[in-house]
Structures are given as C-alpha cells and as structure tokens.
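Structural overview for review
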Amino acid sequence: MESKARLLTTRKRYAGISEALMDAIDDILGKDGSKKGIDQLARNLKHLFAGKRVADGSKGLDLSQCKMIYPVLVVYEDAVAIEAVRQYGDGKFRSLLQKHAVDASKVGPLLILSSPDVEALESLGNNPGAKRLLTDYAEYVQTNLRDRMGTFRTFVHNRGYGDMAKYSESWVARTHVRVLNEIGNEILRRSGASEPTGE
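In what follows, the accompanying structure is described. In this text, all values refer to a predicted model and were calculated from it rather than measured experimentally. (Residues numbered from 1 in each chain as written. Predicted model: local features only at pLDDT ≥ 70, side-chain atom pairs only at ≥ 80, totals over all residues. Heavy atoms only, no water.)

**Things to note about the overall build of the protein**
Check the secondary structure of the protein and you find eight helices and three strands. Along the protein, helices and strands appear, N-terminal first, in the series β-α-α-α-β-α-β-α-α-α-α. Evaluated residue by residue, the protein yields a buried proportion of 39% over its 199 residues. In the protein, the proportion of contacts linking residues at least 24 apart, taken out of those at least 6 apart, comes to 67%. Split by element, the accessible area of the protein, about 11,900 Å² in all, is 53% carbon and sulfur. (Helix = DSSP H or I, 4+ residues; strand = E, 2+ residues; numbered from the N terminus. Buried < 20%, exposed > 50% of the residue type's maximum accessible area, 1.4 Å probe, protein only. Contact = heavy atoms within 4.5 Å. Areas by Shrake-Rupley, 256 points an atom, 1.4 Å probe, with all protein chains shown as cover.)

Okay, here's the thing in structure tokens:
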C-alpha cells in the first residue's frame, strides 16, 4: 500500500485542458522514474517477492510465498479514485512490474482507494472481511472494464455490502467525533464556560 496526499488544483480539475489534467493525475500516480506512487509499489513488490520482510513489530512478515498480492494506492483526491483513472494507472503499473522483473501473475490489479473508500473498507473489515472485499473488488474491476466512473464505495453499495457498513462506528468516524468534542471542550475552557455534560 502506498498513499498520495496531493490534490488536483482548481485549474487542472475544471479548465478542460486534458494535458494539464493528465499531468496532475500522473503526479498523483507517480511519474515515470519518480520512484514514488505506483513505481514505489512495483519496487516494493520486487523486494517482497525476493524475501524481504515487512516490518510488523516483531521479526517481520515474509510475504514472498503469497499466492496473490493486491497493490493499493490510497489517494486523498476523490476524483482520482474512479475506475477510469484506475485502469490508466494499472496499465502503467503493469509496465513497471515488467521493468522491475516482478512476476505479474502474483500481483492483482492496481486498486486505487480514496480516504472515504478506506473508511468504508475499515467499517466492513470484520463483516464480510477486508480480504473478501478486496478480492471481490479486484475481480469486479477486471471483469467490468466498461464501468469507468465507479469507485470502491459504489462497488460496496451496488453489491449490497453498503447495508452492512456502519460508517459511524469506523475508526475514522470515532476519531472525527472525538477530535471535534476535544476542540469544543477546549473552546469552552478558553472562553470560561463550563464543559458540556454530554459525550
């Protein structure tokens, strides 16, 4: 998993200049030779399949024997998480796998998730489970190439998983509420008012 926090500028998003938009998308995905984004994912997969361990707080995880790895690029820009961009990015990613001599048969399609997509994944992590969701989503994007505007969240809702999602119980939502409560309490403290007795 790799994450990119860049946003599209207003000009690149709305000006209707395709070259500027594609340049911005390439910046988020990682330009050729940048060693960032999808290029970094491809390089990391090369190391993983060579037996390099992933830090997990102990001896590290050996993922070299995994049958399938699903590479995920998490983006802050929601517009970059649509299927059309994912397909474009996956094409570039497949070329990078070949360039770095990575066995592409052990690498699933590049998945691009936005921050809200990660929240949806986290809220459904136990039921039906992250592995099943990502596997189903990877299969879906490989067999539904004409769905160019879809995202992980639309997949979740269209497949009925959305009914199980409890976004208000996700870690992100709980943290959001906690931070807002702390801010509110701090404002009240600084203004000399008493703290609310609620949450």
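**Some remarks on the side chain of Ser114**
For Ser114, the location among the structural elements is in strand 3 (residues 111–114). For Ser114, the side chain forms a polar contact with the side chain of Asp78, separated by 2.9 Å. With sequence-adjacent residues up to four places away left out, Ser114 is seen in contact with Val75, Asp78, Ala81 and Arg153. (Polar contact = N/O pair within 3.5 Å; in protein donor to acceptor, adjacent residues only side chain to side chain.)

**Things to note about a nonpolar patch on the surface**
Judged by side-chain polarity, Val179, Leu180, Ile183 and Ile187 come together as a nonpolar surface patch covering roughly 350 Å² of accessible area. Within the fold, Val179 resides in helix 8 (residues 171–191). Taking relative accessible area as the criterion, Val179 reaches 35% and is therefore assigned partly exposed. (Patch = residues over 30% accessible without salt bridge, like charges linked within 9 Å, V, L, I, M, F, W, Y side chains within 5 Å. Salt bridge = Lys/Arg side-chain N within 4 Å of Asp/Glu carboxyl O.)

**A look at the layout of surface pockets**
Rolled over the atoms, a probe as big as a water molecule pinpoints where empty space is left. Computed from the structure, the largest pocket encloses a volume of approximately 480 Å³. If you trace the largest pocket, you find 20 residues lining it, with Met1, Leu45, Leu48, Leu63 and Ile69 closest to the centre. In terms of residue count, the dominant contributor to the lining of the largest pocket is helix 3 (residues 38–49) (five residues). Split into classes, the residues belonging to the lining of the largest pocket amount to 16 nonpolar, two polar and two charged. (1 Å grid on protein atoms, 1.4 Å probe; cavity = no way out; pocket = protein on both sides within 12 Å on 5 of 7 lines; lining within 4 Å. Points joined across faces, edges and corners; volume = space filled by probe spheres on them. Nonpolar A, V, L, I, M, F, W, Y, C, P; charged D, E, K, R; others polar.)

**Focus on the sheet that holds strand 3**
Pairing within the open sheet is parallel, and its three strands lie in the order 1-2-3. Only two strands of the sheet have a single neighbouring strand rather than two, namely strand 1 (2–4) and strand 3. Averaged over all adjacent pairs, the angle separating strand axes in this sheet is 25°, with direction ignored. Helix 2 (residues 18–29) contacts strand 1, strand 2 (72–75) and strand 3 of the sheet and is inclined by roughly 120° relative to strand 2. (Pairing = 2+ DSSP bridges. Axes fitted to C-alpha atoms, helices over the stretch in contact; angles between N-to-C directions.)

**Quick look at the pairing of strand 2**
Covered by surrounding structure in strand 2 are Val72 and Val74 together with Leu73 and Val75, the residues of both alternating faces. Judged from the three bridges that link them, strand 1 and strand 2 form a sheet pairing that is parallel. Looking across to strand 2, one finds that Ser3 is bridged to Val74. Sheet topology places strand 2 next to strand 3; four bridges connect them, and they run parallel.

**Thoughts on the nonpolar core**
Counting residues in hydrophobic clusters, the biggest one holds 26 residues, and the most contacted among them are Leu45, Phe93 and Ile112. Elements with a minimum of two residues in this core: helix 2, helix 3, strand 2 and helix 4 (83–99). In terms of residue count, the dominant contributor to this core is helix 3 (six residues). Leave out the neighbours within four places in its chain, and Leu45 touches Ile69, Phe93, Leu97, Val102 and Val107. Val72, Leu113, Val156 and Tyr161 belong to the second largest nonpolar core, which has 17 residues in total. (Core = buried A, V, L, I, M, F, W, Y, C linked by side-chain atoms within 4.5 Å.)

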